[in-house]
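Descriptive analysis of the structure
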Amino acid sequence: MRIAFFDSGVGGLTVLREALKLLPRENYIYYADALNAPYGTKSKDEVRLIVKKAVEFLNARGIKALVVACNTATSIAIDDLRASFKFPVIGMEPAVKPAVEKNNGHGKRVLVVATPLTLREEKFHNLVSRVDTQHIVDYLPMPELVLFAEKMIFDGEEVSDYIREQLSAFDLKNYGTLVLGCTHFPYFRKVFESIIPPGMDIIDGNYSTVRHMKNVLENNGLLDGKGCGDIEFFVSSRPADEETVRKFKKLLETN
Ligand code: DGL
């Protein structure tokens, strides 16, 4: 059986890419809920419903584990999914903990960028209260980046103007780390790098998520190592058309 990766669109490919490197001998399903993207500006109830529907589709196909490669869907639906399905469900959260550990005691702050819904959710605020003992974490919603990514626009003036304008609310020389708390955002890493001051680093939670996925699979005896990195692509409960498959594969290779 395959490991399924799920996101509202192209964002989860940035996580699947890491999984392919770590576990190349597994087979995968990638499910992009593009007809319902973006999630980050929807209501909680709406997201809970559409995520459940998508995962029911995956469950009916038969999968051995699910990676919710979307911070927004994780914050809304992970508990419900774990209670509803038998396979292991691996979620994501913004990498606030490593960012805080790195900057605590160094006089620098941490800036988390994510979708409005992720940043509004209790899960995020609980995470921050748990790890941010010195109150160095700030956050900023950047919903437009999801729209740019879905349109395959990853650089250019429009993107850099948006990022620059949003970040201008913060005096970045006081910040040590930028946390990409949305799986669509690693596509813009180069643009972020060209805007933030030298010395400020950028982290995302992708690698730690797939490392965790590997442990979960191992602990459940679900790693068979007989696959070859084959991926079946779906878009909102339909097999992806050829052009979309080509686009997704290109994103997996280039980003
Ligand atoms: N990629 C998703 C995340 O990590 C959300 C994007 C969206 O649909 O708003 O939060």
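Right, let's walk through the structure included here. (Residues numbered from 1 in each chain as written. Predicted model: local features only at pLDDT ≥ 70, side-chain atom pairs only at ≥ 80, totals over all residues. Heavy atoms only, no water.)

**A look at the overall build of the protein**
As a reminder of what qualifies: Secondary structure elements follow DSSP: runs of H or I no shorter than four residues count as helices, runs of E no shorter than two count as strands, and numbering proceeds from the N terminus. The quantity called the radius of gyration is restricted to C-alpha atoms. Its globule counterpart is 2.2 Å times the number of residues to the power 0.38. Exposure is judged per residue with a 1.4 Å probe applied to protein chains only, and the accessible area is read against the type maximum: over 50% gives exposed, under 20% gives buried, and values in between give partly exposed.
Along its length, the protein carries eleven helices and ten strands. Computed over the C-alpha atoms, the radius of gyration of the protein is 18 Å, within 12% of the 18 Å expected from 2.2 N^0.38 for a compact globule of 255 residues. Across its three principal directions, the C-alpha atoms of the protein cover 50 × 40 × 35 Å. A total of 255 residues make up the protein; the buried ones form 54% of that total.

**Some points on the side chain of Thr 118**
To keep it simple, the criterion reads: Here, two residues are considered to be in contact whenever any of their heavy atoms come within 4.5 Å of each other.
Within the fold, Thr 118 resides in helix H5 (residues 116-120). Classification of Thr 118 by relative accessible area gives buried; the value is 1%. If we ignore the near neighbours within four places in the chain, the residues touching Thr 118 are Asn 71, Thr 72, Ser 75, Pro 94, Phe 124 and Gly 181.

**Some details on the site of the ligand**
This is how it is decided: Whether a residue is near a molecule or strand depends on its heavy atoms: if one lies within 4 Å, it is near. Counting of polar contacts relies on pairs of N or O atoms within 3.5 Å, with two restrictions inside protein: one atom must be capable of donating a hydrogen and the other of accepting it, and residues adjacent in sequence are counted only when both atoms are side-chain atoms. Computed with a 1.4 Å probe, the accessible areas rest on the Shrake-Rupley method; for each residue, only the protein chains presented here act as cover. As a working rule, the residues Ala, Val, Leu, Ile, Met, Phe, Trp, Tyr, Cys and Pro are called nonpolar, Asp, Glu, Lys and Arg charged, and the rest polar, with Gly in that last group.
Taken together, 13 residues surround the ligand, and among them Ser 8, Tyr 39, Gly 40, Thr 72 and His 184 come closest. Residue Ser 8 places a side-chain N or O atom 2.6 Å away from an oxygen atom belonging to the ligand. Considering the ligand on its own, with 300 Å² of exposed area, one finds that the protein chains cover 99% of that surface. Partitioning the shell around the ligand into residue classes produces five nonpolar, seven polar and one charged.

**As for the packing of helix H1 (residues 13-22) against helix H11 (residues 242-254)**
So the rule is basically this: Fitted lines through C-alpha atoms give the axes, limited to the stretch in contact for helices. The angle between two N-to-C directions lies from 0 to 180 degrees. When the near helix sits turned anticlockwise from the far one by under a right angle, the crossing is termed left-handed; a clockwise turn instead gives a right-handed crossing.
The N-to-C vectors of H1 and H11 enclose an angle of 65 degrees; their axes lie 9 Å apart at closest approach. Classified by chirality, the crossing of H11 by H1 is right-handed. Here H1 contributes Leu 13, Leu 16, Arg 17 and Leu 20 to the contact with H11, which in turn contributes Phe 248, Leu 251 and Leu 252. Residue composition of the contact of H1 with H11, grouped by class: six nonpolar, no polar and one charged.

**Regarding the sheet that holds strand S8 (residues 201-204)**
Counted only if it meets this: Strand pairing is assigned whenever DSSP identifies at least 2 bridges connecting the two strands.
Read across the open sheet, the four strands follow the order S6-S5-S7-S8; overall the sheet is parallel. Looking along the sheet, the strands with just one partner apiece sit at the ends: strand S6 (137-141) and S8. Neighbour-to-neighbour, the strand axes of this sheet turn through a mean angle of 25 degrees, independent of strand direction. With five bridges connecting them, strand S5 (residues 109-114) and S6 associate as parallel partners. What sits directly across from Val 113, in S6, is Leu 140.

**Remarks on the pairing of S8**
Sheet faces and side chains relate simply in a regular strand, where the side chains alternate between the two faces. This is how it is decided: Looking down the strands as they point away from the viewer, one classifies a crossover as right-handed if the path from the first strand across the helix to the second runs clockwise.
In the sheet, strand S7 (residues 175-180) pairs with S8 via four bridges, with the strands oriented parallel. Of the residues in S8, the one forming a bridge with Leu 178 is Ile 202. Considered for its hand, the β-α-β crossover made up of S7, helix H9 (residues 189-195) and S8 is right-handed.

**Describing the sheet that holds strand S10 (residues 238-239)**
The strand order S4-S3-S1-S2-S9-S10 describes an open sheet built from six strands, whose pairing is mixed. Strands at the two margins of the open sheet, each flanked by one partner only, are strand S4 (89-90) and S10. Where strand S3 (residues 63-68) meets S4, two bridges bridge the pair, whose relative direction is parallel. Among the inter-strand pairings, Val 67 is bridged to a residue of S4, identified as Ile 90. Its contacts with the sheet place H1 against strand S1 (2-7), strand S2 (28-32) and strand S9 (231-235), and it is angled at close to 170 degrees to S2. In the packing of helix H2 (residues 44-61) onto the sheet, the strands contacted are S1, S2, S3 and S9, and the crossing angle to S2 comes to about 155 degrees.

**What about the pattern of salt bridges?**
Threshold: Note on definitions: salt bridges are taken to be side-chain nitrogens of Lys or Arg within 4 Å of carboxyl oxygens of Asp or Glu.
A complete count under the given rule lists 16 salt bridges for this structure. Linking Lys 21 and Glu 18 is a salt bridge whose minimum nitrogen-to-oxygen distance equals 3.4 Å. Of this pair, Lys 21 and Glu 18 both sit in helix H1, separated by three residues, roughly a single helical turn. On the accessibility criterion, Lys 21 (57% relative accessible area) is exposed. Note on Glu 18: relative accessible area 16%, which makes it buried. Here Lys 102 and Asp 201 are joined by a salt bridge, their closest N and O atoms 2.2 Å apart. With Lys 102 in helix H4 (residues 96-103) and Asp 201 in strand S8, this pair connects stretches of sequence that are 99 residues apart.

**Details of helix H6 (residues 122-131)**
This is how the line gets drawn: The arc in question is traced by the directions running from the helix axis to the C-beta atoms.
Taken residue by residue, H6 has Phe 124, Leu 127, Val 128 and Val 131 as its buried positions. Down the axis of H6, the buried set is contained in an arc of 95 degrees. They therefore lie on one face. Counted as exposed and oriented over 90 degrees from the buried face of H6: Glu 122, Ser 129 and Arg 130. If you follow the buried residues of H6, they end up packed against H4, S5, H5 and S6.

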